[in-house]
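Chain by chain, the residues run as shown.
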Amino acid sequence: MPMGAAEKQLDGAGSDIVDDDSESTLGDSDFITWFCNTKGHEFFCKVEREYIEDNFNLFGLRQHIPNYSDALAEILDRDWIQEEYDDDYIEEVYESAATLYGMIHARYLLTSVGLQNVVSHLPL
């Protein structure tokens, strides 16, 4: 069974979750919400799920991310954990998912929708 969003930690150093009561239609995924609300990730915005599911937007990332398929499944909140997976492997997948989301986020920011999303979150 996957860990709850509040239980996930990348480095075991007790990453704090930033309270954010605002809801958005973007990135309804629990991983995305958790990742964006983690202390230190305040400048990440929620990437639209449709953007993440479009293989064109993911082109070339597989070769840079260990455990790519499981990491993508984690980002999209799909069941990927098998009973035979040990805790070390699951932790590696969480780390890969964070890296993958960062790479997807960087590409998303270059789109007009991504830019509008960022501008709407900046204090002016």
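Quantities reported herein were computed from a predicted structural model and do not represent experimental measurements.

**Quick look at the packing of aromatic side chains**
Tallying each qualifying case throughout the model produces 12 aromatic pairs. Measuring from ring centre to ring centre gives 5.9 Å for F31 and F35, while their planes differ by 20°; the resulting arrangement is stacked. With F31 and F35 both in helix α1 (residues 30-37) and four residues apart, this pair spans about one turn of that helix. This pair shows no difference in class: F31 is buried, exactly as F35 is.

**Here we look at the packing of helix α4 (residues 68-75) against helix α5 (residues 87-108)**
Two packed helices can be described by the angle between their axes and the distance between those axes. Relative to each other, α4 and α5 sit at 75°, their axes nearing to 8 Å. Relative to α5, the element α4 is oriented roughly perpendicular. The segment α4 lies against α5, with Y68, D70, A71, L72, E74 and I75 engaging Y89, V93, Y94, S96, A97, L100, Y101 and I104. Here the contact of α4 with α5 is composed, by residue class, of 11 nonpolar, one polar and two charged.

**Regarding the environment of D30**
Mapped onto the secondary structure, D30 falls in helix α1. In this structure, the C-alpha to C-alpha distance between D30 and I75, residues 45 residues apart in sequence, is 8.0 Å.

**Focus: α4**
In an α-helix there are 3.6 residues to a turn, and that puts residues three or four apart on one side. By the criterion of burial, α4 is predominantly enclosed, with seven of the eight residues buried. Taken from the residues just after α4, D77 is the one with a positive phi, measuring 55°.

**What about the confidence of the model for the protein?**
Averaged over every residue, the pLDDT of the protein is 81; the share at 70 or more is 77%. Helix α6 (residues 112-121) is the least confidently modelled element of the protein, averaging 89 in pLDDT, while helix α3 (residues 55-58) averages 97, the highest of any element. Contacts from residues 1-29, a stretch scored under 50 in pLDDT, to residues over four places away or in other chains number 49 contacts.

**Digging into the pattern of salt bridges**
Tallying each qualifying case throughout the model produces two salt bridges. Residue E53 pairs with R78 through a salt bridge whose shortest N-O separation is 3.6 Å. You can see E53 sitting in helix α2 (residues 49-53) and its partner R78 sitting in the loop between α4 and α5, a full 25 residues away along the chain. The exposure class assigned to E53 is partly exposed, which follows from its relative accessible area of 37%. Classification of R78 by relative accessible area gives partly exposed; the value is 42%. Ionic contacts of the salt-bridge type, sharing partners, join the residues R49, E53 and R78 into one network.

Scoring rules and cut-offs
- Residues numbered from 1 in each chain as written.
- Predicted model: local features only at pLDDT ≥ 70, side-chain atom pairs only at ≥ 80, totals over all residues.
- Heavy atoms only, no water.
- Phe/Tyr/Trp six-rings, centres within 6.5 Å; stacked < 30°, edge-to-face > 60°.
- Helix = DSSP H or I, 4+ residues; strand = E, 2+ residues; numbered from the N terminus.
- Buried < 20%, exposed > 50% of the residue type's maximum accessible area, 1.4 Å probe, protein only.
- Axes fitted to C-alpha atoms, helices over the stretch in contact; angles between N-to-C directions.
- Parallel < 35°, antiparallel > 145°, perpendicular 65-115°, else oblique.
- Contact = heavy atoms within 4.5 Å.
- Nonpolar A, V, L, I, M, F, W, Y, C, P; charged D, E, K, R; others polar.
- pLDDT = per-residue confidence, 0-100.
- Salt bridge = Lys/Arg side-chain N within 4 Å of Asp/Glu carboxyl O.

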